[in-house]
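Analysis of the macromolecular model
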Amino acid sequence: MPAMPRRRKILLSLPGPLRIPYRSLKNLLLQARVSMRKLSPVRRALPSWLIVGAARAGTTSLYDAIVQHPRIRPALTKEVSFFSHHFTRGERWYRAHFPSEASLAGGLIAGEASPAYIFHPLAPARIASLLPNVRLIALLRDPVRCAVSLHSFVRSLRFETLPLAEALRREEERIGPVLKALGSDENADIRPLVRFSYKSRGIYVDQIKRLHAHFPKERVLILKSEDFFAEPSAVLRQVFDFIGVDPDFRPPDLSPQNTGLYESGGAPPEVMAELKAFFAPHNARLYEYLGRDFGW
């Protein structure tokens, strides 16, 4: 078993009444920093690039590689999720996650990565309203493996109690009400949509078309996750060139993140076959629309 990080050991050793889950404490500390920044008169920048998805496709690894570039400054957290989860908090809250405008003098830029953006029905329009000139990066992975990985991830967070096969059968009844509610209330609770959209998230063609409805195609870079993990340097060169920084820079650390959640997790062969059959026509539409065969 790998060694537990020291800060997490400390949390777990506290007496029961004082024990705070590591994830919760991390979020509390983050929001405290954001609140302090909101009170500051310092003018903060907006991002010039976003990784918009997809979930379980390697966005953490891609983001960690990008922010090693000397001309790029990271956000306070990789997933700000403003345009999906926190839009009502306003622009000042969003800006509080980024460096000051003064600190980005000399051609430095900032960005963030929130994989819910590509899937949230309202996120592209929201992004366009605040960041009309932003550059978007979509990292797409085999939707069959993404669906299985997402289920494993949501179960690990204890939001999901159903086995994969049943969760797939009940997807529409679980997320349908949220999609309907968003039609009349853009502040509807999207948690069921984000947590239980195993198949819907993998219908990439409709999500890419929605991005293209708000942004010109030349400002949307579509990458294949499998290419990134096979040849990270080549893909990063493409990314750096796209966002306008030196494409010859090579990050010293290209270690993949969260790889334990990228595998099929022993999903039953019949479920994998069902998912493959479900996604086949949607993948075909994607290949036709983009003029590119991803080989899924």
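No experiment lies behind these values; they were computed from the predicted model shown.

Comments concerning the overall build of the protein
- Counting secondary structure elements, the protein contains 13 helices and five strands.
- Expressed as a percentage of its 296 residues, the buried residues of the protein come to 47%.
- Expressed as a percentage of contacts within the protein between residues at least 6 apart in sequence, the contacts between residues at least 24 apart total 74%.
- Just so you have it, the protein exposes about 14900 Å², and 54% of that area is on carbon and sulfur atoms.

Notes on the packing of helix α6 (residues 143–156) against helix α13 (residues 269–290)
- Contact pair α6 / α13: the axes reach a minimum separation of 9 Å and the direction vectors enclose 130°. In terms of their interaxial angle, α6 and α13 are classed as oblique. At the point where α6 passes α13, the crossing takes the right-handed sense. Along the contact surface, α6 presents Pro143, Val144, Ala147 and Val148, while α13 presents Met272, Leu275, Lys276, Phe279 and Asn283.

Quick word on the nonpolar core
- Core analysis: the biggest nonpolar cluster contains 89 residues, and Ile66 and Tyr94 have the highest contact counts within it.
- For Ile66, the contacting residues outside a window of four places in its chain are Trp49, Ile51, Ile72, Ile137, Leu236, Val239, Phe240 and Ile243.

Overview of the side chain of Gln207
- With respect to the secondary-structure elements, Gln207 resides in helix α10 (residues 204–212).
- Gln207 gets classed as buried once you look at its relative accessible area, which sits at 3%.
- When neighbours within four sequence positions are excluded, Gln207 is seen to be in contact with Ile118, Phe119, Ser200, Arg201 and Gly202.

Focus on helix α5 (residues 123–130)
- Extensive coverage of α5 is indicated by the burial of six of its eight residues.
- Inspection of α5 places Ala123, Pro124, Arg126, Ile127, Ala128 and Leu130 among the buried residues, and these make up the whole buried set.
- Elements that come into contact with the buried residues of α5 comprise β1 (49–53), α4 (90–95), β4 (135–140) and α10.

Regarding the sheet that holds strand β5 (residues 220–224)
- Spatially, the five strands line up as an open sheet ordered β2-β3-β1-β4-β5, and their pairing is parallel. At either margin of the open sheet sits one strand with a lone partner, and together these are β2 (72–74) and β5. If you compare each strand with its neighbour and ignore which way they point, the axes differ by 25° on average.
- Note that β2 and strand β3 (residues 109–113) share three bridges and pair parallel. When the bridges of β3 are listed, Pro74 appears paired with Gly111.
- Here helix α3 (residues 59–66) sits on the sheet in contact with β1, β2, β3, β4 and β5, set at roughly 165° to β1.

A look at the side chain of Thr59
- Note that Thr59 resides in helix α3.
- Residues in contact with Thr59, not counting those within four places in the same chain, are Ile51, Gly53, Ala54, Lys78, Pro115 and Leu139.

Observations regarding the packing of α3 against helix α12 (residues 232–243)
- Packing of α3 against α12 brings their axes to within 11 Å, and their N-to-C directions diverge by 65°. You can see that α3 and α12 cross each other, and the crossing is right-handed. Note on element contacts: α12 touches α3 through Leu236, Val239, Phe240 and Ile243, opposite Leu62, Ala65 and Ile66.
- Grouping the amino acids of the contact of α3 with α12 by side-chain chemistry returns seven nonpolar, no polar and no charged.

Side note on the environment of Asp185
- Residue placement: Asp185 occurs in the loop between α8 (171–182) and α9 (191–196).
- Only 3.0 Å separates the side chain of Asp185 from the backbone nitrogen of Asn187, close enough to count as a polar contact.

Some points on the packing of aromatic side chains
- Per the counting criterion, the structure on display carries 15 aromatic pairs.
- Ring geometry for Trp49 and Tyr63: centres 6.1 Å apart, planes at 45°, overall tilted. Taken together, the residues span a long stretch of sequence, with Trp49 in strand β1 and Tyr63 in helix α3 at a distance of 14 residues.
- Centroid distance Phe82 to Phe83: 4.9 Å. Interplanar angle 70°. Geometry classified as edge-to-face. Taken as a pair, Phe82 and Phe83 share a single burial class, namely buried.
- Against the face of Phe242 rests Arg135, its NZ or CZ located 5.0 Å from the ring centre.
- Against the face of Phe196 rests Arg174, its NZ or CZ located 3.7 Å from the ring centre.

Structural notes on α8
- Between its terminal C-alpha atoms α8 stretches 17 Å, which fits the 16 Å expected from twelve residues at 1.5 Å a residue.
- Buried within α8 are the following residues: Glu171, Arg174, Ile175, Val178 and Leu182. The arc enclosing the buried residues of α8, seen along the axis, measures out at 95°, which places them on a common side. The exposed residues of α8 that point more than 90 degrees off its buried face are Glu172, Glu173, Pro177 and Lys180.
- Those residues of α8 that are buried lie in contact with α7 (164–169) and α9.

Rules behind the numbers
- Residues numbered from 1 in each chain as written.
- Predicted model: local features only at pLDDT ≥ 70, side-chain atom pairs only at ≥ 80, totals over all residues.
- Heavy atoms only, no water.
- Helix = DSSP H or I, 4+ residues; strand = E, 2+ residues; numbered from the N terminus.
- Buried < 20%, exposed > 50% of the residue type's maximum accessible area, 1.4 Å probe, protein only.
- Contact = heavy atoms within 4.5 Å.
- Areas by Shrake-Rupley, 256 points an atom, 1.4 Å probe, with all protein chains shown as cover.
- Axes fitted to C-alpha atoms, helices over the stretch in contact; angles between N-to-C directions.
- Parallel < 35°, antiparallel > 145°, perpendicular 65-115°, else oblique.
- Left-handed = near helix turned anticlockwise from the far one by under 90°.
- Core = buried A, V, L, I, M, F, W, Y, C linked by side-chain atoms within 4.5 Å.
- Pairing = 2+ DSSP bridges.
- Nonpolar A, V, L, I, M, F, W, Y, C, P; charged D, E, K, R; others polar.
- Polar contact = N/O pair within 3.5 Å; in protein donor to acceptor, adjacent residues only side chain to side chain.
- Phe/Tyr/Trp six-rings, centres within 6.5 Å; stacked < 30°, edge-to-face > 60°.
- Lys NZ or Arg CZ within 6 Å of the ring centre and 35° of its normal.
- Expected span 1.5 Å × (residues − 1).
- Arc of directions from axis to C-beta.

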